[in-house]
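Spelled out, the chains give:
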Amino acid sequence: MEPILKVPANGMPKSQSSSSELLHAHVHFEDVDMSTPTLIEMHPFDPVKQAELLHEALKGIVAKNKVVMTILTTHNNFQRQRIAAAYSSQYHKNLTTVIKHELNIVGHYEQTLLALLQPPADYDAHELHHALSASKLLLDEETLIEILCSRNNHDLHHIRTAYMALYNKDLMAVIKHDTKGEFEHLLVALLSARREEGPSVKVDMDRAIADAKQMHGAEVQHWAGHPESVFIDILATRSYNQLSATFHQFEKITGHDIEKSIQEQMHGDVRTLMLALVKYVKNKHAFFAECLYNAVKGLRTNDARLIRIIVGRCEKDLGNIKMEFAQIYGHSLQAAVKSDTHGNYRHILLALAGYEHNY
C-alpha cells in the first residue's frame with residue numbers, strides 16, 4: 001500500500017530540472033491514440049437492468065452506496081445518461097433526486113455523485129455559473145481559466161447552450177458583465193469557439209514564423225501600443241499544434257520562451273490566463289497534473305477542482321495525467337487523494353481514477 005502523505009503548501013516537484021522538462025514536453029492534440037482514460041465504456045450494457053439494480057438497492061437498507069458507486073464508476077457518461085433515462089421511464093422518478101433523498105448525503109461525496117449524473121456540458125455550465133455567481137464576493141478566475149482553456153469548439157458550443165437552458169442567461173453576456181479588460185477580451189475570444197480544429201487542419205510553418213514575428217514585434221514595441229490584442233488573436237484562434245510550432249519559432253527568434261515574454265509584458269488575470277493556455281498547449285496532461293497538485297497542496301483542499309478534473313478527465317486522459325503527476329511531483333495521485341479525502345468520497349474518486357473498486 002502506498003504511504004498516505006500530505007502535500008506541503010510550498011512543496012516542490014521531486015526534481016526541478018526534470019519537472020521543467022516534463023512540463024514543456026509537447027503533446028500533439030490530434031493524436032487521439034495517446035490518450036489513456038481510466039473509465040471506459042462498459043460491455044455488455046443493459047440500461048434497463050442497471051436501472052433495476054439501482055431501484056432495488058435504493059429501496060433497501062444496506063449496501064445502497066456500494067451499488068450506486070459501482071454502477072456510476074463503471075459506466076461512462078453516455079451510459080449513465082441512458083441508465084437515468086431508463087430509471088425515469090420505468091419508475092417515473094428522477095434518478096438524481098432519488099439518490100439524494102435515499103442516500104441522505106451531503107458534502108463532497110454528494111457533489112461527486114451529482115457531477116457523474118450530469119451531461120458534461122451541464123456540469124461545466126454549472127461550474128462556470130458557480131464561478132461567476134453574483135452572490136460570491138470574489139470571481140473564481142481559476143475555474144474560468146481551467147474550463148475555457150481546455151475545452152474544444154464543440155464543447156464550448158454545448159456549454160453555452162446548456163448555460164442558457166439551465167440559467168436562462170447567455171454565458172457570453174455574463175462573462176462580459178462580470179469580467180473586464182484584456183482578461184474579458186481573451187475569455188470572450190475563447191468562448192467564441194473560433195479555434196482552427198479537426199484532422200484537415202495542418203501545421204503551417206510559414207504562418208508559425210509570421211505569427212512568432214508578430215508576437216515578438218508586439219513585445220518589443222510594447223510602449224507604442226497594447227501587445228495583448230496580438231497575443232489574444234493568435235492564442236484564441238490557432239490550432240494547438242499550430243501554436244506549438246509558433247512557440248518554437250518564437251523561441252528561435254527571441255532566444256527566450258513565450259512564457260518569459262508573457263510574464264514580463266502582461267499583467268493581472270490576463271497574464272495568468274495566457275500562461276495557462278501556453279501550459280495547456282505545450283503539455284495538456286502536465287497542465288491538469290499541476291491543477292490537481294494545486295488542488296491538494298497545503299492545508300485546505302480545493303475539492304471542487306479535484307472533483308471537476310477527476311470526473312471530467314477520467315473518460316479522456318486521466319491515465320496520462322496520473323503518469324505526469326507522479327513524474328513531476330514524485331508521488332502518485334492516489335497518495336495525494338488518500339491524504340486529502342476520506343470515506344465514500346475517497347473511494348469514489350479513487351475508483352474513477354482507476355485505483356480501486358473495492359468499497
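Here, every reference points to the structure presented above.
Residues numbered from 1 in each chain as written. Predicted model: local features only at pLDDT ≥ 70, side-chain atom pairs only at ≥ 80, totals over all residues. Heavy atoms only, no water.

**Here's the deal with the overall build of the protein chain**
On a plain count of helices and strands, the protein chain comes out with 21 helices and zero strands. A sequence separation of at least 24 residues applies to 74% of the contacts in the protein chain between residues at least 6 apart. Only carbon and sulfur atoms are counted for the fraction: they give 54% of the accessible area of the protein chain, which is about 17000 Å². (Helix = DSSP H or I, 4+ residues; strand = E, 2+ residues; numbered from the N terminus. Contact = heavy atoms within 4.5 Å. Areas by Shrake-Rupley, 256 points an atom, 1.4 Å probe, with all protein chains shown as cover.)

**Topic: the pattern of salt bridges**
Across all of its chains, the model carries 15 salt bridges by this definition. If you follow the salt bridges from partner to partner, you end up with Glu 127, Glu 142, Glu 146, Arg 305 and Arg 308 in one network. (Salt bridge = Lys/Arg side-chain N within 4 Å of Asp/Glu carboxyl O.)

**Examining the packing of helix 10 (residues 171-178) against helix 11 (residues 181-191)**
Packed helix pairs are specified by the crossing angle of their axes together with the interaxial distance, meaning the distance between the axes. Axis separation between helix 10 and helix 11 bottoms out at 9 Å; the angle between their running directions is 170°. Accordingly, the angle class assigned to the pair helix 10 and helix 11 is roughly antiparallel. Contacts between helix 10 and helix 11 involve Leu 171, Met 172, Ile 175 and Lys 176 from the former and Glu 184, Leu 187, Val 188 and Leu 191 from the latter. (Axes fitted to C-alpha atoms, helices over the stretch in contact; angles between N-to-C directions. Parallel < 35°, antiparallel > 145°, perpendicular 65-115°, else oblique.)

**Observations concerning the environment of Leu 114**
On the secondary structure map, Leu 114 appears in helix 6 (residues 107-117). Along the primary structure Leu 114 and Lys 100 are separated by 14 residues, whereas in three dimensions their C-alpha atoms are 8.5 Å apart. Those residues within four positions of Leu 114 in sequence are excluded, and the remaining contacts are Thr 96 and Lys 100.

**A word on helix 11**
A large share of helix 11 lies buried, amounting to eight of its 11 residues. Residues of helix 11 that are buried include every one of Phe 183, Glu 184, Leu 186, Leu 187, Val 188, Ala 189, Leu 190 and Leu 191, and no others. The first or second residue beyond helix 11 is Ala 193, which carries a positive phi of 55°. (Buried < 20%, exposed > 50% of the residue type's maximum accessible area, 1.4 Å probe, protein only.)

**A word on the side chain of Ser 239**
Checked against the element boundaries, Ser 239 lands in the loop between helix 13 (227-237) and helix 14 (240-254). Once you skip the residues sitting within four places of it in the chain, Ser 239 turns out to touch Arg 195, Glu 196 and Val 201.

**Some points on the packing of aromatic side chains**
This structure, assessed with the given rule, holds eight aromatic pairs. Taken together, a centroid distance of 5.0 Å and an interplanar angle of 55° make the contact between Tyr 87 and Tyr 91 tilted. Of this pair, Tyr 87 and Tyr 91 both sit in helix 4 (residues 77-91), four residues apart, roughly one helical turn. Just as Tyr 87 is buried, Tyr 91 falls in that class too. Considering the side-chain rings of Tyr 280 and Phe 287, the 5.4 Å spacing of their centres and the 85° angle between planes classify their relative orientation as edge-to-face. Assigned by exposure class, Tyr 280 and Phe 287 land together as buried. Three or more aromatic residues joined by ring pairs form one cluster here, namely Tyr 240, Tyr 280, Phe 287 and Phe 288. Lying over the aromatic face of Tyr 355, Lys 322 brings its terminal NZ or CZ to 4.1 Å of the ring centre. (Phe/Tyr/Trp six-rings, centres within 6.5 Å; stacked < 30°, edge-to-face > 60°. Lys NZ or Arg CZ within 6 Å of the ring centre and 35° of its normal.)

**Some details on unusual backbone geometry**
A cis geometry characterises the amide bond from His 43 onward to Pro 44, with omega recorded as -5°. Within the secondary structure, Pro 44 is located in the loop between helix 1 (16-23) and helix 2 (47-59). Its identity is not glycine, yet Asn 168 carries a phi of approximately 55°, on the positive side. Positionally, Asn 168 belongs in the loop between helix 9 (153-167) and helix 10. Of note, the phi angle at Ala 193 is positive, near 55°, even though the residue is not glycine. Note that Ala 193 resides in the loop between helix 11 and helix 12 (205-220).

**A look at the state of the cysteines**
The full count for this structure, using the stated rule, is zero disulfides. The structure places no disulfide on Cys 149, whose sulfur is separated from the nearest cysteine sulfur, that of Cys 291, by 8.8 Å. Judged by relative accessible area, Cys 291 falls into the buried class, the value being 4%. (Disulfide = S-S within 2.5 Å.)

**Remarks on the nonpolar core**
The biggest cluster of nonpolar side chains holds 104 residues, and the ones touching the most others in it are Leu 113, Leu 186, Phe 231, Met 274 and Leu 306. Apart from the residues within four sequence positions on either side, Leu 306 is in contact with Leu 292, Ala 295, Val 296, Thr 301, Val 337, Thr 341, Tyr 345 and Leu 349. (Core = buried A, V, L, I, M, F, W, Y, C linked by side-chain atoms within 4.5 Å.)

**Structural notes on the side chain of Thr 38**
With respect to the helices and strands, Thr 38 occurs in the loop between helix 1 and helix 2. In this structure the side chain of Thr 38 is engaged in a polar contact, spanning 2.6 Å, whose partner is the backbone oxygen of Leu 352. Those residues in contact with Thr 38 that lie beyond four places of it in its chain are Cys 314, Leu 318, Gly 319, Lys 322, Leu 352, Ala 353 and Gly 354. (Polar contact = N/O pair within 3.5 Å; in protein donor to acceptor, adjacent residues only side chain to side chain.)

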